[in-house]
Protein chains: 2
Amino acid sequence: MNISALQKARYAYNPKLPKILSGKIEDISVELGSPTESISNRSELRVIFKNTYGKPYVTFVKGKNGKLKRKLIVGVILSGGQAPGGHNVIAGLFDGLKKGHPESVLYGFRGGPSGLINNKTLILTSEIIDEYRNTGGFDIIGSGRTKIETPEQFASSLETVKKLNMDAVVVIGGDDSNTNAALLAEYFLANGSKTQVIGCPKTIDGDLKNDHIEASFGFDTACKTYSELIGNICRDTNSAKKYWHFIKLMGRAASHIALECAFQTQPNICLISEEVEAQGTSLEKIVEQICESIAKRAANGDNFGVVLIPEGLVEFVPEMKKMIEELNDAIAAEEKPFSEVTNLIDQMYWLSSRIPESSYIILQSLPPEIARQFLMDRDPHGNVQVSRIDTEKLVVGMVEKRLAEMKVGGHYSGVFSYQTHFFGYEGRCAIPSNFDADYCYSLGYSAFVLIASGLTGYISSVKNLTAGAENWIAGGVPLTMMMDIEHRHGARKPVIKKALVNLNGKPFKTFAAKRGIWAQQTCFLFPGAIQYYGPSEVCDQPTITLKLENEK
Amino acid sequence: MNISALQKARYAYNPKLPKILSGKIEDISVELGSPTESISNRSELRVIFKNTYGKPYVTFVKGKNGKLKRKLIVGVILSGGQAPGGHNVIAGLFDGLKKGHPESVLYGFRGGPSGLINNKTLILTSEIIDEYRNTGGFDIIGSGRTKIETPEQFASSLETVKKLNMDAVVVIGGDDSNTNAALLAEYFLANGSKTQVIGCPKTIDGDLKNDHIEASFGFDTACKTYSELIGNICRDTNSAKKYWHFIKLMGRAASHIALECAFQTQPNICLISEEVEAQGTSLEKIVEQICESIAKRAANGDNFGVVLIPEGLVEFVPEMKKMIEELNDAIAAEEKPFSEVTNLIDQMYWLSSRIPESSYIILQSLPPEIARQFLMDRDPHGNVQVSRIDTEKLVVGMVEKRLAEMKVGGHYSGVFSYQTHFFGYEGRCAIPSNFDADYCYSLGYSAFVLIASGLTGYISSVKNLTAGAENWIAGGVPLTMMMDIEHRHGARKPVIKKALVNLNGKPFKTFAAKRGIWAQQTCFLFPGAIQYYGPSEVCDQPTITLKLENEK
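Residues numbered from 1 in each chain as written. Chains lettered and ligands numbered in written order. Predicted model: local features only at pLDDT ≥ 70, side-chain atom pairs only at ≥ 80, totals over all residues. Heavy atoms only, no water.

Peer 1: I'd love a proper account of the packing of aromatic side chains, names of residues and values included.
Peer 2: The description of an aromatic ring pair rests on the distance of the ring centres and on the angle between the ring planes. Residue and element names in this part refer to chain A. Using the criterion set out here, one finds 26 aromatic pairs over all chains in the structure. Pairing F435 with W472 gives two aromatic rings, centres 5.9 Å apart and planes at 70°, and the pair type is edge-to-face. Of this pair, F435 sits in helix 19 (residues 434-452) while W472 sits in the loop between strand 12 (458-463) and strand 13 (473-478), and the two are 37 residues apart along the sequence. Each member of the pair, F435 together with W472, is buried. (Phe/Tyr/Trp six-rings, centres within 6.5 Å; stacked < 30°, edge-to-face > 60°. Helix = DSSP H or I, 4+ residues; strand = E, 2+ residues; numbered from the N terminus. Buried < 20%, exposed > 50% of the residue type's maximum accessible area, 1.4 Å probe, protein only.)

Shown next as structure tokens:
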């Protein structure tokens, strides 16, 4: 294989493990807590998870454990969007299994959950694993977005694990995938299968966290990669003093990425979707706030700056949210007739009698390129594909218009030029930071210990993440403990709630206390590229969000 | 100052110098070669550069030099677009000056050449310099794009250096800025001023190079930053197997950046503007070539890939070039009336009788967003702003259309989804790689030696760049040696020719030999983030382009 110099060098990196996991394997014992409860809707969840509800919290402690040196057959799935470190979860799991018993087998299910449904596997040998250690991407076995939902899909999955005589399946994924893991664990038990199911918390968005999961893996590396780029742009605009840069960042449901990048780079403005929703801020008002900063900086002679915009913003702005919902409904109701109307003018005419006037006026006020994005192909659930809306261009267009008005009114006397950017795909497959490399390897290793200890319906858990790897606390959290019920597509479904930015939490409050100064002055930070070598304060730091959260 | 951990750590980095410069300052002697000649138009250039034409080539060698320990007053200018390492040129110059004499003074001219014209300066102290060592950006004194052109501008510049009793001015810039430096050197001499002028080769585009300049600084860091991102996207698409990514890269006149990034990441397709021009390839034909790769990969089940597109491509496609020129002329001829036509339909009507039909048909065939970009505000020379044309979207739109036709014809049976990207601002102010940090510091230090040795009209030169810093050869190249005459804006002007990608050179030929396989197979490389620490093969390598060129 033709590989880069850094990839080759990273092969030699030994991920750090929590102390309890780095010793002899037969000395890792499982300490069980008391039975647990779900977040709410307990009686309802107890029915759904008859066999797996309410298991005890698990911590690994020093002590004899006869179960770990068994021959096991395990399968692993990468589910959903890529996040740096996925390969290390698999490597940690593999190394644990082989340490437990050299004849243990690890199957990779190809292309995500569909690999389990359709029995598409690859036996992971040490040669294969070694080619992927400490690398980014999910290409070792591929990923996929199939959800195991229908009775047929559950049955096929059961058939696969039976055929393979599988002791356990590890699902590496986000909130939805871990909910799926919980349902699968329950289904296997209910159907008399021995196959255990263990989840692993993955997502660059950082929205899979709670009292028991401090961070999802990949968030660290992705945020550092985006921050490198944002910092470079900050330095560029501070040198050229010519442009306002409007940067959209991945993160649809939650603004954790934008918030962390704001800590790392100190831009002039960072919008937080959760705050916009909580305060019911209109798009006009958001634009007004941005223009205020632009005008103040222009008054100081600074006609440049940086604005961070979370990808999902428009869904949190009340009037836009309403318009999107009304458009989704109108188009879903007459999908075929609408699909036959191809140009924007005709589409607008078609919609004029089908959506309320308030939303029609908003749609009409958008630049044609943007309006067209709101009317593009829906996703499989009939929703607009928010990731394809150029929110950064929408905002900048409105800012430009408003500044022109302010100029006429004598409230702005600067020069406004801009550039727009969108960062997402650039960070999802970066080579994992030391933090993510260590964290993921530990999660995978912990998953092995949970499996070998005979547990099912758990998510692998590594905590105390700001204390240095050797002090990390490893164990497992029963998936039902993180569960709730939500109304989705007309039915009540068990879900792991997405963790949004908590407006009363320390990270947001810290940001809110600083942003006033950032908006007027130039306080940019330039974090630079992720370093894998060099001083520890450069190459081993967790995210600022995590540090602030763990300070509480 | 609130700074990032990496920035702090980088302050401690000691840039490596060529052996000759790392010893005692009084031991650096100047070896003069024979008188030189310009590339062509020699008699004409001899008249323009009466006092500075034909100076000898200069190499620094071991030997006594009484001139270096003098008190000097020097000014420095950052000119044009940012490139990683500019601060280190200034640091090298500063350290040389202070080593020569502790009372020597270094002025920074603020905001580019206009700082010289308007006498806007900042005295650079060791406190200021220390805050900028080994950092990206040009923010230490700012940059600017003003050209010193009019007699008044030359006179004001002379006045400034007289007022400051300046021994020399160092101009850090690209081809145009170094041409300007040559003219300034000549002007100062012709007007009896003692002020010497020394240039430094800067540009991320990599197009300021020739037999005497192996590389312009910043190219290394910028290409590595873009390659990090492209590699991450390659890994992403190799994991998700869902998208074709079309990535536009900075570099308008030359495609060196695209070519270097292609070496570092091995994408499926990389367009080279120089080849397109040489072969007269139409846009249709380019699209055809891309679609051929897409179809072949689809036949293997690979509905994903990566395409690199140099920013300036459309100016090299014959029919587009013609259309652009005709649009520029038509609009320039009736600038005001055209500016009053605001919407695209009316603009098209206005143009229909003013540009030849062949170009009108092309313009009409473009998606409206793109057509509008061709008609936007002109630059100060009346030219369309090519950097604002979304060439990647233009190409992807045509690819989509062509694939649909191929599907109907039975020549394509894949699924085509895409993402587009533009990388430019992300790399211009990155923290300089070790290579650029060393190279820039050496260029600055050499500039000091040239100044102290009493030379003017030279560009600082450091060669043998693939041999390790201590073996680098330092000296100076007379600027007139790199000169030619070009017809610009109706007059014959001295210029330093931009170095385009040489289709007969080793880099292009190496690429051409490999791209056939890349187009069909998946040969992606994942270089990862720039490393400043760690194994030398990871953190001290020059570009592949430079290695191939120096192999010849």
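Peer 1: Please give an account of the packing of helix 9 (residues 219-240) of chain A against helix 9 (residues 219-240) of chain B that cites residues and values.
Peer 2: Contact geometry for helix 9 of chain A and helix 9 of chain B: axes closest at 12 Å, N-to-C directions at 145°. Relative to helix 9 of chain B, helix 9 of chain A is oriented so that their crossing is left-handed. Counting all contacts with helix 9 of chain A, which are made through T225(A), E228(A), L229(A) and N232(A), the residues of helix 9 of chain B involved are T225(B), E228(B), L229(B) and N232(B). (Axes fitted to C-alpha atoms, helices over the stretch in contact; angles between N-to-C directions. Left-handed = near helix turned anticlockwise from the far one by under 90°. Contact = heavy atoms within 4.5 Å.)

Peer 1: Would you mind going over the state of the cysteines in detail, with residue names and values included?
Peer 2: What we call a disulfide is simply a covalent bond connecting the sulfur atoms of a pair of cysteines. Applying the stated criterion across every chain yields a total of 0 disulfides over all chains. Sulfur of C429(B): no disulfide; nearest cysteine sulfur belongs to C234(A) and is 10 Å away. (Disulfide = S-S within 2.5 Å.)

Peer 1: Describe the sheet that holds strand 1 (residues 28-35) of chain B, naming the residues involved and giving the relevant values.
Peer 2: Residues and elements named next belong to chain B. The 9 strands are arranged 1-2-13-12-7-6-3-4-5 in an open sheet whose pairing can be described as mixed. At either margin of the open sheet sits one strand with a lone partner, and together these are strand 1 and strand 5 (121-123). Averaged over neighbouring strand pairs, the angle between their axes works out to 25° when direction is ignored. Pairing between strand 6 (residues 168-173) and strand 7 (residues 196-201): 6 bridges, direction parallel. Residue pairing in the sheet places G173 in a bridge with P201 of strand 7. Its contacts with the sheet place helix 8 (residues 175-190) against strand 6, strand 7 and strand 12 (458-463), and it is angled at close to 170° to strand 7. This element, helix 19 (residues 434-452), spans strand 1, strand 2 (56-62), strand 3 (73-78), strand 6, strand 7, strand 12 and strand 13 (473-478) of the sheet and lies at about 135° to strand 12. (Pairing = 2+ DSSP bridges.)

Peer 1: Just give me the short version of the packing of helix 20 (residues 506-520) of chain A against helix 22 (residues 544-551) of chain A, but keep the residues and values in it.
Peer 2: Two measures define how a pair of helices packs: the angle their axes make with one another and the distance between the axes. Residues and elements named next belong to chain A. The contact between helix 20 and helix 22 brings their axes to 8 Å, and the two run at 110°. Relative to helix 22, the element helix 20 is oriented roughly perpendicular. Only T545, L548, E549 and E551 of helix 22 make contact with helix 20, whose side of the interface consists of K506, P507 and T510. Here the residues of the contact of helix 20 with helix 22 sort into 2 nonpolar, 2 polar and 3 charged. (Parallel < 35°, antiparallel > 145°, perpendicular 65-115°, else oblique. Nonpolar A, V, L, I, M, F, W, Y, C, P; charged D, E, K, R; others polar.)

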